[in-house]
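# Remarks on the overall topology
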Number of protein chains: 4
Amino acid sequence: MKKIGVGLVGSGFMGRSHAHAFRAAAGVFDLPAAPVLELLADVNDEVAAKAAKGLGFARSTGDWKKLVADPAVDLVDITTPNTLHKPIALAALAAGKPVYCEKPLAPNAGEAKEMVDAAEKAGVVTAVGFNYLKNPMVALAQEIVASGEIGDVVSFRGIHAEDYMTDPSGPFTWRLDEKGGHGVVADLGSHIISIARYVVGPIASLVGQIKTVTGERPVAPGASEKRKVFVDDEARALVNFANGATGSLEASWVKAGRKMQLAFEVTGSKGSIFLDHERFNELDLYVTGQAKGREGFKKILAGPDHRHFREFVPAPGHQLGFNDIKTIEVRALIDALTGGAKFLPDFREAWGIQRVVDAIVDSAREKRWVELK
Amino acid sequence: MKKIGVGLVGSGFMGRSHAHAFRAAAGVFDLPAAPVLELLADVNDEVAAKAAKGLGFARSTGDWKKLVADPAVDLVDITTPNTLHKPIALAALAAGKPVYCEKPLAPNAGEAKEMVDAAEKAGVVTAVGFNYLKNPMVALAQEIVASGEIGDVVSFRGIHAEDYMTDPSGPFTWRLDEKGGHGVVADLGSHIISIARYVVGPIASLVGQIKTVTGERPVAPGASEKRKVFVDDEARALVNFANGATGSLEASWVKAGRKMQLAFEVTGSKGSIFLDHERFNELDLYVTGQAKGREGFKKILAGPDHRHFREFVPAPGHQLGFNDIKTIEVRALIDALTGGAKFLPDFREAWGIQRVVDAIVDSAREKRWVELK
Amino acid sequence: MKKIGVGLVGSGFMGRSHAHAFRAAAGVFDLPAAPVLELLADVNDEVAAKAAKGLGFARSTGDWKKLVADPAVDLVDITTPNTLHKPIALAALAAGKPVYCEKPLAPNAGEAKEMVDAAEKAGVVTAVGFNYLKNPMVALAQEIVASGEIGDVVSFRGIHAEDYMTDPSGPFTWRLDEKGGHGVVADLGSHIISIARYVVGPIASLVGQIKTVTGERPVAPGASEKRKVFVDDEARALVNFANGATGSLEASWVKAGRKMQLAFEVTGSKGSIFLDHERFNELDLYVTGQAKGREGFKKILAGPDHRHFREFVPAPGHQLGFNDIKTIEVRALIDALTGGAKFLPDFREAWGIQRVVDAIVDSAREKRWVELK
Amino acid sequence: MKKIGVGLVGSGFMGRSHAHAFRAAAGVFDLPAAPVLELLADVNDEVAAKAAKGLGFARSTGDWKKLVADPAVDLVDITTPNTLHKPIALAALAAGKPVYCEKPLAPNAGEAKEMVDAAEKAGVVTAVGFNYLKNPMVALAQEIVASGEIGDVVSFRGIHAEDYMTDPSGPFTWRLDEKGGHGVVADLGSHIISIARYVVGPIASLVGQIKTVTGERPVAPGASEKRKVFVDDEARALVNFANGATGSLEASWVKAGRKMQLAFEVTGSKGSIFLDHERFNELDLYVTGQAKGREGFKKILAGPDHRHFREFVPAPGHQLGFNDIKTIEVRALIDALTGGAKFLPDFREAWGIQRVVDAIVDSAREKRWVELK
């Protein structure tokens, strides 16, 4: 079987998750090619060596440029902080190598567009890790909408709320550094935007609102010195989709008590869908025209009739976990790398998502509606 | 015991509900005065006579002016279509009589303001039927926020969605007549606005979006002739509260499957509250600072420790119904009429709510943020 | 319209609830006869007079025998402690008067049977207040089962659990007095038994288990003197229904955190029903044969297409409360008193329920299966 | 690092799951030894070779005896149909090799006891795959109970219900073959028994009920020939735990609509726990003594403060899946194999579980309470 040498840059939360997914995919799926954990790059040789051992990579390097140039690396996988996405991706694309990059693609749409152009010039596979799109129940939502089961889309309400920034005494972190791009609207907002586009379609215009809730934070845990925060802790938008549907988007990392409220409701002319990722193995479906006195939302539990579920567990109700979703993402990537269906979201789609992120911020700052051509 | 002669104008859904509430209040509460179902007015003598018999009123009339003038009528209770609210209320106020009026108070803020002025000149009790504010669990939400249990309010997400206009072949009704005011933003939106103001406070600025989903409807059930619809089927707004909190509001009567989704989440700096009126005897509460590994939203079931519950049932978990909430409203009104605590929302507060309704529509039409001074 | 003079004995939780229901029924329903709150009896003249005033009765007496004999009393309504049910009911029946009695009918099946015999000899209407059978969603469950929508009944799991006896320092009360009959198996267990019989049918045999969790309690709040408890705090049974279905029953008043967990699941050969009275306006329904990948339990919210709902509120999702259910019970009673459908559960059915209660206790004490002929 | 050569017998649902778990454990955890997928045995060489390739094993064989004897196999892992568990395990133990066996251990307690004796004579590690005990939220339940957070255990209600045998036209399968042991009481009942023993403790006596709902089934899909079913489709028991708590157990594979209702409620003198595996990343916790008007069950979402969660995902609310639980099981096994904490449930504990299964069936057949010494 063909092998795909994986070169991973970064070994944090997402680096571990990618490594795990490549390993798991080989066991779960009947893959057309075998991913090999070939080379891991991190900030220096020591860190890289240790991470490579822990994550099961054959070799390691403290220099991502070497990784990009390594002949055994067939796929460059980027899980670094956001600011490094562009240089690494551009180098990989220049070397004609496919790129798998964590979201958000870039700090802003301009830089994302440079990456799209490079990718399309290189003509290789690109993939961006908006993993929740690979949740079988999100795929089911897309399928229900696309098939017309709930009629035409009337409206969409989307939220991604968590609470890891709730405590105002929590220290300043790289997520808050305005050089890396926007705040929660990019970090979590991009997920719900990716779902909105996947399930409903492109957004034509919007008006946004952003808010920095905690204006300054300790420079380190417990430090008395403070650093000013410029990025948003909450963000919202009213949107008009290109297909005529309306809706709202919301992102927050200070929503006390919400741990993974990536939730959306799609209202159609003939029914509705609701899904919340705190219970991501469930989808609520309502259709009009039910018998009198028997109308209700149906709670569908994920099972082997839903996309890719069966390969994990053959029995319904047994549930997939977060890492399984990432494994499905890797499976789709390997398909694309071996001539199968195009991977989405690719760089172009990720740029489209980033344009919405930027538009929310621009709109909020300028206090006006903005069009997205 | 002092008696309060009730003169009811209108005998539809809300008329019946008021009659029931006056009757029930006398049994449930130890009232300071006894409401007497004195006189009912409707569109003509026959309809009024029949309704009076059904609802237990002593007398009836086809002329609301006679009701206003009747010496046995101490309280004028208005449950007519919206366009009649103003003339009847002004007549009652001119006669120096207290007024209990269904929501929304008027088709627009200008007319509402005339009613406020008349009321304040008359110096009598006024009451507007935003009944959900009387739900003990909404009162609990207000109490939790006001006491600081969840810290300072960071944001508010409020929705009132139902689905009674989902079917595009459903006929044109008075709710759709633009002469009566706006569409769902007034009919349901005013409820969620009333809660936002009650729990969080006044709104300082907003940007709105409205949408007519079904552009024309049969003039009657099954008719081939159509009438154009000008009012909104869905409405949304992003808001800034005067106290610095941000948030969103949404109203829809085409949300397939939602029967009474009057739901809101209040996020504070130290916790959150969630409540949905499809389960209005429950409030979810999260507070920060819980023990590690034991953090979670708590589901509080309505019980005798919550406002007015005990007078209905002495045992927790036994649930109040929609009519019980209206009965609490009547109890508060009778208190106010006998020198007790001021009734809220009165005409002035209802005008405040109407101003937000109007601002959403204005903002949506003009595609810009609007300030509410 | 015909009047029905109501004579109420007792004015506690259930006395209040009955008075409220008679009053409310007149407003909610188009009744064939008008209930009149004629006479209230309680332990002495003073208590009775005060209660009569509070609950809106015309007259009062400290002697229930006078109430039974009073010519204006057409219906004797018994809400006293259980031990008084029999003497009052027998006196009323001897006087040829219909009887409305709270559950459980008697401390044991033997005494219940005496009451049945007297009732059937008198040939008058009898009614026992197993109010949850009047919940429109319980009626819907019965209707779904009876119609075969979920096939043949395979099994039933029924629970009535609350937590008002959880605290072991809570004092001894009349509910714990073994002279009044059994413990929770009678107090709450009779409710779930009434539902099992209503929805599935009679029980043919069972094996029971009872447990006194707190063996002695203070004689009064805070008292150091203790009194031994002989009745059950928890009870369970495995049952065989006459129609071949199997199942289990459970009752507890020490189920910490459960406030009104009167819950049951009916499994049929072609579907299932679930209902929990902590959310009694909802019924979950599953049917086999749904489309692949779209199978799920449907959550049906109570609405105007369900029995009697419309007369309270014309809109779905607006919810009924505990008192509304009691009002439906009174409506059914007035129907029966005026020649309408037979009221169920009558004394005979209540005796059937009591026989199951007794059988659980007997079986538990003798540690063996018992047959119910 | 030390290596552990895994010899897997069987490659069905559980075989795949084990292979996946060994592979995943190496990536997720920092293991003290490296599992190597050494040898796979199945019914014949061809099947084994194909499965080995699919699951990533180095070698394969059509003869499990060769696997047991293979010097590179350090651990014999049994995922065959139940009837083969004993011969393979005894052979492995005779060879002094540790055994990892799927549940239920044996068709009956007698055979299980033979296996226990052989294991204890061999003195090697044994492990039985009652995987749900490894769910971090089940571990949390055990921890909460053991720590006294909810006081003394008063009662336990446990259910394992699914619906894969609901359709009476579904064919006869090996699960229905009485030679393999009992029906659902063994297949699913053993899971809820394992939890009851883990969380509450041993069962001292019980009375059981079993029922064959579908008495005969097609010998193959669509066949007109039928085969009689002797094993149970539903089973229930009332139980007394050795520590004085009471409770009930239930198992069904014909519970229409229930896909993974492995649910239990533990009631303590000072609180309660509820968990349902259709949402196995959640645990509901109630404790007495909460502030007035603020009492409620708290919904705790699985997160990094719960056992082993952090190694999968560092963020709360992101959820584990069924395969992750199996991965935790493998991790515990590797710990035990390298001198770490004893693995539970071992053969002895599995025998204890099997004795409860047998007791339910014996009790049901003989219609009497049985003691478990």
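Please read all numbers here as calculations on a predicted model, not as lab measurements.

### Considering the relation of the copies chain B and chain D
In screw terms, the move from chain B to chain D is a rotation of 180° and a rise of 0.0 Å along the axis, fitting with an RMSD of 0.0 Å. Classification of the inter-copy transformation places it as that of a two-fold axis. The C-alpha atom lying nearest the rotation axis in chain B is that of Lys298(B); the distance is 2.0 Å.

### A closer look at the interface of chain B and chain D
By a widely used convention, the size of an interface equals the accessible area lost when the partners come together. Every contact between the two is made by 18 residues of chain B and, on the other side, 18 residues of chain D. Summed over both sides, the interface between chain B and chain D buries roughly 1,300 Å², with carbon and sulfur atoms accounting for 40% of that surface. Considering only the side of chain B, the residues that lose the most area to chain D are Arg294(B), Lys298(B) and Asp305(B), jointly responsible for 44% of the buried surface there. The interface formed by chain B and chain D holds six salt bridges in total. The partner of Arg294(D) in a salt bridge is Glu149(B), and the shortest N-O contact between them spans 2.7 Å. At the junction of chain B with chain D, the criterion picks out twelve residue pairs in polar contact (both at pLDDT 80 or more). Mapped by element, the contributors of at least two residues to the side of chain B that touches chain D are helix H6 (136-146) and strand S16 (297-301) of chain B. Tallying contributions element by element places S16(B) first for the side of chain B that touches chain D, with five residues. Here the residues of the side of chain B that touches chain D sort into six nonpolar, four polar and eight charged.

### Structural notes on the sheet that holds strand S3 (residues 59-61) of chain C
Residues and elements named next belong to chain C. Within the open sheet, the six strands sit side by side as S3-S2-S1-S4-S5-S6. Their pairing is parallel. Of all strands in the sheet, those bounded by a partner on one side alone are S3 and strand S6 (126-128). The sheet shows a mean angle of 25° between the axes of neighbouring strands, taken without regard to direction. Note: strand S2 (residues 34-41) against S3, three bridges, orientation parallel. Counted as the bridge partner of Ala 41 is Thr 61 from S3. This element, helix H11 (residues 347-366), spans strand S5 (99-101) and S6 of the sheet and lies at about 40° to S6.

### Quick word on the pattern of salt bridges
The tally for this structure, following the rule as stated, stands at 124 salt bridges over all chains. Notably, a salt bridge pairs Lys259(A) with Asp163(A), separated by 2.8 Å at the nearest N-O pair. Within this pair, whereas Lys259(A) is found in the loop between strand S12 (246-252) and strand S13 (261-268), its partner Asp163(A) is found in the loop between strand S7 (153-161) and helix H7 (184-187), the two being separated by 96 residues in sequence. Of the two residues, Lys259(A) and Asp163(A), neither departs from the other in class, the shared state being buried. The partner of Lys292(D) in a salt bridge is Asp305(B), and the shortest N-O contact between them spans 3.8 Å. Remark: Asp305(B) occurs in the loop between S16 and helix H9 (309-312) and Lys292(D) occurs in the loop between strand S15 (282-287) and strand S16 (297-301); the pair is interchain, linking two chains. Counted as one network, the salt bridges with shared partners bring together Arg157(A), Glu265(A), Glu234(B), Arg236(B), Glu250(B), Lys255(B) and Arg258(B).

### Overview of the pairing of strand S4 (residues 75-78) of chain B
All names here are of chain B. Because side chains alternate across S4, one face comprises the buried residues Leu 75 and Asp 77, and the other comprises Val 76 and Ile 78, equally buried. Taken together, the four bridges between strand S1 (residues 3-9) and S4 define a ladder with parallel strand orientation. Residue pairing across strands places Gly 7 opposite Val 76, the latter belonging to S4. Pairing between S4 and strand S5 (residues 99-101): three bridges, direction parallel. In the strand pairing of S5, Ile 78 is matched with Cys 101. Crossover S4 to S5 through helix H4 (residues 85-94) is right-handed.

Conventions adopted
Residues numbered from 1 in each chain as written. Chains lettered and ligands numbered in written order. Predicted model: local features only at pLDDT ≥ 70, side-chain atom pairs only at ≥ 80, totals over all residues. Heavy atoms only, no water. Least-squares fit on C-alpha atoms with pLDDT ≥ 70 in both. Contact = heavy atoms within 4.5 Å. Buried area = accessible area lost by both parts, 1.4 Å probe. Salt bridge = Lys/Arg side-chain N within 4 Å of Asp/Glu carboxyl O. Polar contact = N/O pair within 3.5 Å; in protein donor to acceptor, adjacent residues only side chain to side chain. Helix = DSSP H or I, 4+ residues; strand = E, 2+ residues; numbered from the N terminus. Nonpolar A, V, L, I, M, F, W, Y, C, P; charged D, E, K, R; others polar. Pairing = 2+ DSSP bridges. Axes fitted to C-alpha atoms, helices over the stretch in contact; angles between N-to-C directions. Buried < 20%, exposed > 50% of the residue type's maximum accessible area, 1.4 Å probe, protein only. Right-handed = clockwise from strand over helix to strand, strands pointing away.

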